[in-house]
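As a plain string of letters, each chain reads:
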Amino acid sequence: QKEVEQNSGPLSVPEGAIASLNCTYSDRGSQSFFWYRQYSGKSPELIMSIYSNGDKEDGRFTAQLNKASQYVSLLIRDSQPSDSATYLCAGLNAGGTSYGKLTFGQGTILTVHP
Amino acid sequence: ETGVTQSPTHLIKTRGQQVTLRCSSQSGHNTVSWYQQALGQGPQFIFQYYREEENGRGNFPPRFSGLQFPNYSSELNVNALELDDSALYLCASSLGGTTYEQYFGPGTRLTVT
């Protein structure tokens, strides 16, 4: 079983719709979660971090974390063609140290069509 | 822009050769992590340096080694290159301590022939 799994893609949504990206993790020691956006040929860009159960909103993005279900999600409202990219979910288990190893899922390709 | 820089951008090497990749971290960041990203996969953790010492290592062989310098810049060295080492190599910097957000540089695309 992979430590971090993302919903299989690719995901295609029309412009203006809500895109829903999901991620599950197996390491119950993971405390912090991150969503990165990666355009083709570019490096990952941090778009959201979430540390506690519940929702966190930033502009059109909402991250949700449910530690009991070991589930993380990212909602993108009013999707735009510029949101078309690969979205990477990452978990971190620092074990109380400063050792910040990120474990990534395989990514979900999102396409927003006009 | 994250303020993290990497060099070179692209590199082509022959199997068996050695390569050194470089990274300059964001101003104020004292922790550097290196990741390998194969095509179509998520990044895989290689190792992390905190205040010039290796602070953790992923499942990579010893021929992957690194350094961090007093100015917190870093190098990744790979000896005896194999074809499977062809990948995008990413450096990420962070503040360290209990701040875990990591910011990636543009990466170095390594091709081994």
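Visitor: Report on the side chain of B:Q36, specifying residues and quantitative values.
Guide: All names here are of chain B. Residue placement: Q36 occurs in strand β4 (residues 31–37). Within polar-contact distance, the side chain of Q36 engages the side chain of Y89 at 2.9 Å. Setting aside its immediate chain neighbours within four residues, Q36 contacts G42, P43, Q44, I46, F60, F64, D84, D85, A87, L88 and Y89.

Visitor: Describe in detail the pattern of salt bridges, supporting the description with residues and values.
Guide: Scanning the entire structure with this criterion turns up 7 salt bridges over all chains. The network of salt bridges with shared partners includes B:R63, B:E82 and B:D85.

Visitor: Explain the interface of chain B and chain A to me, and be specific about the residues and the numbers.
Guide: Across the contact, 23 residues belong to chain B and 22 residues belong to chain A. At the boundary of chain B with chain A, total buried surface from both sides reaches about 1700 Å², with 56% on carbon and sulfur atoms. The largest share of the area that chain B buries against chain A comes from B:Y100, B:E101 and B:F104, three residues that together contribute 34% of it. The interface formed by chain B and chain A contains 7 residue pairs in polar contact (both at pLDDT 80 or more). Of all the secondary structure elements, the ones that give two or more residues to the side of chain B that touches chain A are β4, β5 (44–50), β6 (53–57), β9 (87–94) and β10 (103–104) of chain B. Residue classes in the side of chain B that touches chain A are distributed as 10 nonpolar, 11 polar and 2 charged.

Visitor: How would you explain the state of the cysteines if you had to name every residue and give the values?
Guide: Residues and elements named next belong to chain A. Applying the stated rule across the entire model yields 2 disulfides over all chains. In this model, C23 is linked to C89 through a disulfide, with the two sulfur atoms separated by 2.1 Å. Where C23 bonds to C89 through sulfur, the torsion about that S-S bond is close to -70°, and the disulfide is left-handed. Here C89 lies in strand β9 (residues 85–92) and C23 lies in strand β3 (residues 19–25), a separation of 66 residues in the sequence.

Visitor: Explain the sheet that holds strand β7 (residues 61–66) of chain A to me, using residue names and the numbers behind them.
Guide: Residues and elements named next belong to chain A. Pairing is antiparallel across the open sheet formed by 5 strands, whose spatial order is β1-β3-β8-β7-β6. Bordering the open sheet on either side are β1 (4–6) and β6 (54–58), each of which pairs with just one other strand. Taken over all neighbouring pairs, the strand axes of this sheet differ in orientation by 15° on average, direction set aside. Bridge analysis of β3 against strand β8 (residues 71–76) gives 6 bridges, and the strand direction is antiparallel. Counted as the bridge partner of N22 is S73 from β8.

Visitor: Please give an account of unusual backbone geometry that cites residues and values.
Guide: In this chain, B:S7 is followed by B:P8 through a cis amide linkage whose omega measures -10°. Turning to its location among the elements, B:P8 is positioned in the loop between β1 (5–7) and β2 (10–13). Although it is not a glycine, A:Q70 adopts a positive phi angle of roughly 55°. For A:Q70, the position within the fold is in the loop between β7 and β8. Even without glycine at this site, B:E52 takes up a positive phi of about 75°.

Visitor: Got a sec to walk through the pairing of strand β7 (residues 64–68) of chain B? Specific residues and values, please.
Guide: All names here are of chain B. Only one face of β7 is covered, namely the face carrying F64, G66 and Q68; the face carrying S65 and L67 is uncovered. Sheet topology places β7 next to strand β8 (residues 74–78); 5 bridges connect them, and they run antiparallel. Paired with Q68 across the strands is S74, a residue of β8. If you look at the hairpin formed by β7 and β8, you'll find 5 residues sitting between the two strands, and Y72 has a positive phi there, around 75°.

Visitor: I'd like a rundown of the sheet that holds β7(B), residues and numbers included.
Guide: Residue and element names in this part refer to chain B. In space, the 4 strands of this open sheet follow the order β1-β3-β8-β7, with antiparallel pairing throughout. Whereas interior strands pair on both sides, the edge strands pair on one side only; in this sheet they are β1 and β7. Taking each pair of neighbouring strands and ignoring which way they run, the sheet shows an average axis angle of 20°. Relative to β8, strand β3 (residues 19–24) runs antiparallel, the two sharing 5 bridges.

Reading the values: the criteria
Residues numbered from 1 in each chain as written. Chains lettered and ligands numbered in written order. Predicted model: local features only at pLDDT ≥ 70, side-chain atom pairs only at ≥ 80, totals over all residues. Heavy atoms only, no water. Helix = DSSP H or I, 4+ residues; strand = E, 2+ residues; numbered from the N terminus. Polar contact = N/O pair within 3.5 Å; in protein donor to acceptor, adjacent residues only side chain to side chain. Contact = heavy atoms within 4.5 Å. Salt bridge = Lys/Arg side-chain N within 4 Å of Asp/Glu carboxyl O. Buried area = accessible area lost by both parts, 1.4 Å probe. Nonpolar A, V, L, I, M, F, W, Y, C, P; charged D, E, K, R; others polar. Disulfide = S-S within 2.5 Å. Pairing = 2+ DSSP bridges. Axes fitted to C-alpha atoms, helices over the stretch in contact; angles between N-to-C directions. Buried < 20%, exposed > 50% of the residue type's maximum accessible area, 1.4 Å probe, protein only.

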